[in-house]
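Commentary on secondary and tertiary structure
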Amino acid sequence: MGRCLPHIMPHVLLNKREELLPVILCLAVQHPNPTTRDNLLHLLFNLVKKPDFDQRQIIRAGCEAFARSVDRSRLEEELLPQCWEQISDKFVERRLLVAETCGSLSAHFSVDVCSSLILSILKQVLDDKDESVRECAVKNLSLVITRIYNEHKASDLLQILKSSFHDSSSKVQQTSLRFYLPALSCWLLSRDQYLHTCYNMLLQQLLTSIQSGSDRHIGIYLQSLSVSNVFVLAGLLRPLLKESSGDAMSESIDESHLGLLDPCVILSISKSQYKSTLSNFNTSLVQLSLPESVTTQTDWFKSTAVPCLVECIKSVKDKSLLADFTKLLAQMQTVIGRTFVQQVIRPGLLEHVTDARVLPVYCAGILAVNEEDRAELKEFLGETLNQYAQQYLQVEPLTETFAELSQTRSVLHILVNVLNTALREATNPHMKGIIAKICKGLCDCADPQDIVTHVMPILTRLANDPDVFVQTSTVISFAVMLQRSSGSVSSIREQLDKFISESVSSDVHVMMCELIESFTLVLPLCNPDIQRDFLIPRLATIGVSNSAITNKTKRRDITERLILAYKSILCCYMTTDTIEHYIVPGLQALLTDTQEVVPEKQQTVDLMLREVMSKTAMASKDQRPSNVFGSKVSGFFKKK
């Protein structure tokens, strides 16, 4: 049979070859000739030339059956060479089979072989050109790692983690994050090496990625730190469990909680044990009575991890990343606990709260997460607001902090209270101007209905302030509210009309400039009704009234801003009626102004007017409504 079977199998249909497995396995286990056994195992491993997933499952099942039927030495001597020979096979499916077999058979190999040959095979497969093979290798390394007992392999395993996170394929990165990182973390945790090796490496790599501007790596390292919170907690609780009685450790584990990221599973304890140990940890942390082995970890966090985290936040170039750090700290409070964050993390951040990037992360990630800290958040924001006003500091960090916090609806009332209190006590226009800028940030980020209910009353008070600087500072906020509001905008329109009227009648130049700039900013983002019925007509009115200004400098300023405004208008959808009644008269007035005060821009305005006139003529000829200016450009703004 051993001699004939290799000649029979090629003539068996592919979808029937699995029926030969019992014969192949029986002969491979019992045949006395090593060469024949090698040929039979070669048949098993090459049952199908390009095995799909199901066919690979069948081959792997055959390999596992062989592993259960022979001793370990025969398995390693006879089956492993089949894997080794096909590492560089030209077919992707066969290379996938190599990785999958190494993982599924790892429990049958000796720990020495897993630490050397199996690890070496999978490391080579990790360099494969096909992303599916690399992804499979990472997933199966997560199985093999449980069979590696050589602590000196820690650096190799960490390097694999780093390489997989730097892989060009997002699938490989996410597979490593989902499977390999938890497996490696557990492995290091059991050897009391987790914090100083894996967690430290993740922090350092995040800092390096931020400083070098490697956006593709920043995301995966932020996600990895989020996943790592549960292992930080497990590392803190593990020494406390060692000190507890043996009876407590023998409690039955709640099977419903099995999962890669469940601290009960990681620590092999029941849910009741977990709650009790966590409570003891929090109490001991506050009372400074933790065992030395745990104190060493918290001290490391204070001296190494927190400064590195602060440096990461300070080094951020893309401010949108600050929200990710906020989520990281908020999740740390959820997973590890508020007590740990308050006692260990918070002091290090508080030292650097004057930094423009640390301030919003500290407020949103530390003080705004739990109800117990909300009173302190209110007091801190009030003091910080006064400090910024008194010292004339750059207000952007403060506006970003309020904007970030406003996205949590339960915190919005605190922000409004702080602003109302500050406004009541404000004695100078500078403080009121800061409040107006903060309100603009709230208008950008908070829920539109909340803006109208809570923020608009503050802006209305500021808009009625006798100081022109304060009034002007509210214009952009009203414009943003007009853009974002989904309900009635009559009160917003009335306030903006009041601004326009006062600017024209009283010649308030700075307010007129601010109105034009604000309309230009929001116009492409507003719905067509607001564009057609309010913004475009008001810009036309401003354009016509500009010719009456006798001061050439002021007239030039407004003309230059109107040119930008009309460029913005040309990117929007509009009907021929709007063009004829508002845009053409506005451009004609603008053309006159450019001829007199900005002659170098005359050609630009003239081209815009000609384009409008020609498109109007075409639309009238076709006798149908027309999107006179390119729908592709309008679509771009809607996507933005």
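Here goes a summary of the coordinates provided. These figures come from a predicted structure and were not determined experimentally.

Some words on the overall build of the protein
Each helix and strand counted, the protein has 33 helices and 0 strands in total. Relative to the compact-globule value of 26 Å for 640 residues, the protein shows a C-alpha radius of gyration of 34 Å, a clear excess of over 25%. With the C-alpha coordinates aligned to their principal axes, the bounding extent of the protein is approximately 110 × 75 × 40 Å. A burial count over the protein gives 52% of its 640 residues as buried. Taking contacts inside the protein between residues at least 6 apart in sequence as the whole, the part at least 24 apart equals 69%.

Examining the side chain of asparagine 370
Relative to the helices and strands, asparagine 370 resides in the loop between helix H19 (358-367) and helix H20 (374-391). Of the residues examined, asparagine 370 reaches a relative accessible area of 19% and is grouped as buried. Within polar-contact distance, the side chain of asparagine 370 engages the side chain of glutamine 333 at 2.6 Å. Those residues in contact with asparagine 370, other than ones at most four positions away along the chain, are Gln333 and Arg338.

Notes on the state of the cysteines
Tallying each qualifying case throughout the model produces 0 disulfides. The thiol of cysteine 83 is not disulfide-bonded; the next cysteine sulfur, from cysteine 102, is found 4.5 Å away.

Observations regarding the environment of glutamate 77
Within the fold, glutamate 77 resides in helix H5 (residues 72-85). Distance from glutamate 77 to glycine 543, taken between C-alpha atoms, is 88 Å for residues 466 residues apart in sequence.

With respect to unusual backbone geometry
A positive phi is found at serine 268, a non-glycine position, where the angle reads about 55°. Relative to the elements of secondary structure, serine 268 occurs in the loop between helix H14 (263-267) and helix H15 (271-287).

Considering the pattern of salt bridges
As enumerated under the stated definition, the model contains 23 salt bridges in all. The salt bridge involving aspartate 373 is made with arginine 338; its shortest N-O contact spans 2.7 Å. In this pair, aspartate 373 is assigned in the loop between H19 and H20 and arginine 338 in helix H18 (residues 338-350), connecting sequence segments 35 residues apart. Relative accessible area serves as the criterion here: at 30%, arginine 338 is assigned to the partly exposed category. When the shortest N-O distance is used, the salt bridge between arginine 538 and aspartate 497 registers 2.6 Å. With arginine 538 in helix H29 (residues 528-546) and aspartate 497 in helix H27 (residues 490-506), the pair connects residues that are 41 residues apart, well separated along the chain. One network of salt bridges, with partners in common, ties together Arg37, Arg74 and Glu78.

Topic: the packing of aromatic side chains
Per the counting criterion, the structure on display carries 10 aromatic pairs. Ring geometry for tyrosine 199 and tryptophan 300: centres 6.4 Å apart, planes at 70°, overall edge-to-face. Linking tyrosine 199 in helix H11 (residues 194-212) with tryptophan 300 in helix H16 (residues 292-315), this pair joins segments that are 101 residues apart in sequence. By the burial criterion, tyrosine 199 is buried, and tryptophan 300 matches it. Following the ring pairs from residue to residue traces out a cluster consisting of Tyr194, Tyr199, Phe231, Trp300, Phe301 and Phe340.

Side note on the packing of H19 against H20
Where H19 contacts H20, the axes come no closer than 10 Å and their chain directions differ by 165°. Between H19 and H20, the angle falls in the class roughly antiparallel. Taken as a pair, H19 and H20 cross one another with a handedness that is left-handed. Here Leu359, Tyr362, Cys363 and Leu367 of H19 lie close against H20, whose contacting residues are Arg374, Glu376, Leu377, Phe380, Leu381, Thr384 and Tyr388. Classifying every residue of the contact of H19 with H20 gives 8 nonpolar, 1 polar and 2 charged.

Considerations on helix H6 (residues 92-104)
Taking 1.5 Å of rise per residue, the 13 residues of H6 would be expected to cover 18 Å, and the 18 Å separating its terminal C-alpha atoms lies within 8% of that figure. In terms of burial, H6 is largely enclosed, as 11 of its 13 residues are buried. Where H6 is concerned, the buried positions are Arg94, Arg95, Leu96, Leu97, Val98, Ala99, Glu100, Thr101, Cys102, Gly103 and Ser104. Looking at the buried positions of H6, the neighbouring elements they touch are helix H3 (34-45), helix H4 (53-69), H5, helix H7 (111-125) and helix H8 (131-144).

A short note on the environment of leucine 381
Inspection of the secondary structure assignment puts leucine 381 in helix H20. Leucine 381 gets classed as buried once you look at its relative accessible area, which sits at 0%. Look past the residues within four positions of leucine 381 in its chain and what remains in contact with it is Cys363, Thr401, Phe402, Leu405, Leu415 and Val418.

Structural notes on the packing of helix H26 (residues 475-484) against helix H28 (residues 509-522)
H28 packs onto H26 with a crossing angle of 25° between their chain directions and a minimal axis gap of 9 Å. Put simply, H26 runs roughly parallel to H28. Our pair here, H26 against H28, has a crossing hand that is right-handed. Facing Val475, Ile476, Ala479, Val480 and Gln483 of H26, the residues of H28 in contact are Met511, Glu514, Leu515, Ser518, Leu521 and Val522. Tallied by class, the residues present in the contact of H26 with H28 amount to 8 nonpolar, 2 polar and 1 charged.

Describing the nonpolar core
In this structure, Tyr199, Phe281, Phe301, Phe325, Phe340 and Ile345 are the most contacted members of the largest nonpolar core, which totals 216 residues. With 15 residues, helix H12 (residues 215-243) is the largest single contributor of residues to this core. If near-sequence neighbours (up to four positions away) are discounted, phenylalanine 301 is found in contact with Leu195, Tyr199, Val232, Val306, Pro307, Phe340, Val344 and Ile345.

As for the environment of glutamine 30
Looking at the secondary structure, you find glutamine 30 in helix H2 (residues 21-30). It is 9.6 Å that separates the C-alpha atoms of glutamine 30 and serine 69, two residues lying 39 residues apart in sequence.

Topic: helix H17 (residues 322-335)
The terminal C-alpha atoms of H17, which comprises 14 residues, lie 20 Å apart, in line with the 20 Å expected from a rise of 1.5 Å per residue. Within the span of H17, buried status applies to Leu322, Phe325, Thr326, Leu328, Leu329, Met332 and Gln333. The buried residues of H17 occupy an angular sector of 160° when projected down its axis, which confines them to one face. H17 presents Lys327 and Thr334 as exposed residues on the side facing more than 90 degrees away from its buried surface. Within two residues after H17, glycine 337 carries a phi angle of roughly 125°, on the positive side.

Observations regarding the side chain of serine 224
Its location among the elements puts serine 224 in helix H12. At 2.6 Å, the side chain of serine 224 and the backbone oxygen of tyrosine 221 are in polar contact.

Conventions and cut-offs
- Residues numbered from 1 in each chain as written.
- Predicted model: local features only at pLDDT ≥ 70, side-chain atom pairs only at ≥ 80, totals over all residues.
- Heavy atoms only, no water.
- Helix = DSSP H or I, 4+ residues; strand = E, 2+ residues; numbered from the N terminus.
- Rg over C-alpha atoms; globule rule 2.2 N^0.38 Å.
- Buried < 20%, exposed > 50% of the residue type's maximum accessible area, 1.4 Å probe, protein only.
- Contact = heavy atoms within 4.5 Å.
- Polar contact = N/O pair within 3.5 Å; in protein donor to acceptor, adjacent residues only side chain to side chain.
- Disulfide = S-S within 2.5 Å.
- Salt bridge = Lys/Arg side-chain N within 4 Å of Asp/Glu carboxyl O.
- Phe/Tyr/Trp six-rings, centres within 6.5 Å; stacked < 30°, edge-to-face > 60°.
- Axes fitted to C-alpha atoms, helices over the stretch in contact; angles between N-to-C directions.
- Parallel < 35°, antiparallel > 145°, perpendicular 65-115°, else oblique.
- Left-handed = near helix turned anticlockwise from the far one by under 90°.
- Nonpolar A, V, L, I, M, F, W, Y, C, P; charged D, E, K, R; others polar.
- Expected span 1.5 Å × (residues − 1).
- Core = buried A, V, L, I, M, F, W, Y, C linked by side-chain atoms within 4.5 Å.
- Arc of directions from axis to C-beta.

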